[in-house]
Amino acid sequence: MLLFVQFFSLGTSLMAGSLTLAIMTLPTIIRTTQESLKTVPKAYREGSLGLGAGKWYMIRTVVIPCVIDGIVTGCILSVGRVVGESAALLFTAGMANELLSVPEAVQAGNAGSTLTVAMYVYAKERGQFDVAFAVAAILLVLTFLINMSAKIAAVRLKQKRG
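Residues numbered from 1 in each chain as written. Predicted model: local features only at pLDDT ≥ 70, side-chain atom pairs only at ≥ 80, totals over all residues. Heavy atoms only, no water.

A. Here's a closer look at the overall build of the protein. On a plain count of helices and strands, the protein comes out with eight helices and zero strands. Sorting the 162 residues of the protein into buried and exposed places 27% on the buried side. Accessible surface computed for the protein: about 10400 Å², of which carbon and sulfur atoms make up 68%. (Helix = DSSP H or I, 4+ residues; strand = E, 2+ residues; numbered from the N terminus. Buried < 20%, exposed > 50% of the residue type's maximum accessible area, 1.4 Å probe, protein only. Areas by Shrake-Rupley, 256 points an atom, 1.4 Å probe, with all protein chains shown as cover.)

See below:
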């Protein structure tokens, strides 16, 4: 909040919320990618380099195909965290209940809302639990669709690899 809302003078806006969530997901993605890279056997790298492949070619054709599952898993975990995040968004994105066009959404000072914030508002402030449960169901469906699409992407990447 202090960095994007105050220091960069973005105000409570969707841009500040998006940047906050991007920074919050980086550690998860970086750590899972590091752990995946450690699982590639050293012999694969040495064998590729020993056969005359350049470093970039070795990374692109040997290392990345071996670790793509771990990278996709890290992204799934991060998206799951983003979907459920509400505290950071309350302070950075705001609590507006209006739909913004894309040019309006990226302007500083235009507050927006996410499904988790809307669920909080409907449940705690307005007492409309039926609407809050509908929003929660939408969040569950979105999470399911994101997980399934990531799983399908991982399977297709694995099939493409060999």
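B. Molecular detail of the nonpolar core. In terms of nonpolar packing, the biggest core is built from five residues, these being Val40, Met58, Val62, Val63 and Val67. When near neighbours in sequence (up to four residues on either side) are disregarded, valine 63 contacts Leu37, Val40, Arg45 and Met58. (Core = buried A, V, L, I, M, F, W, Y, C linked by side-chain atoms within 4.5 Å. Contact = heavy atoms within 4.5 Å.)

C. Structural detail: the side chain of serine 36. Among the secondary structure elements, serine 36 is positioned in helix H2 (residues 14-38). Excluding residues that lie within four positions of it along the chain, serine 36 makes contacts with Val67, Gly70 and Ile71.

D. Representation of the pattern of salt bridges within the structure. Under the criterion given, the structure shown has two salt bridges. We note a salt bridge from glutamate 35 to arginine 31, for which the minimum N-O separation is 2.9 Å. Residue glutamate 35 and its partner arginine 31 are both found in helix H2; the two are separated by four residues, about one turn of the helix. On the accessibility criterion, glutamate 35 (35% relative accessible area) is partly exposed. In this structure, the salt-bridge partner of lysine 38 is glutamate 35, at a minimum N-O distance of 3.6 Å. (Salt bridge = Lys/Arg side-chain N within 4 Å of Asp/Glu carboxyl O.)

E. Layout of a nonpolar patch on the surface. Where nonpolar side chains cluster on the molecular surface, the patch consists of Val141, Phe144, Leu145, Met148 and Ile152 and spans about 470 Å² of accessible area. Position of valine 141 relative to the elements: it lies in helix H8 (residues 129-161). (Patch = residues over 30% accessible without salt bridge, like charges linked within 9 Å, V, L, I, M, F, W, Y side chains within 5 Å.)

F. Fine view of the environment of glycine 11. Mapped onto the elements, glycine 11 comes out in the loop between helix H1 (2-7) and H2. Sequence spacing of glycine 11 and methionine 1 is 10 residues, and the spatial spacing of their C-alpha atoms is 9.0 Å. For glycine 11, the contacting residues outside a window of four places in its chain are Phe4, Val5, Ala16 and Thr92.

G. Highlighting the environment of threonine 33. With respect to the element layout, threonine 33 can be found in helix H2. When the C-alpha atoms of threonine 33 and threonine 73 are compared, they prove to be 8.9 Å apart, with 40 residues separating the residues in sequence. Within the structure, the side chain of threonine 33 is placed 2.7 Å from the backbone oxygen of isoleucine 29, a separation counted as a polar contact. (Polar contact = N/O pair within 3.5 Å; in protein donor to acceptor, adjacent residues only side chain to side chain.)

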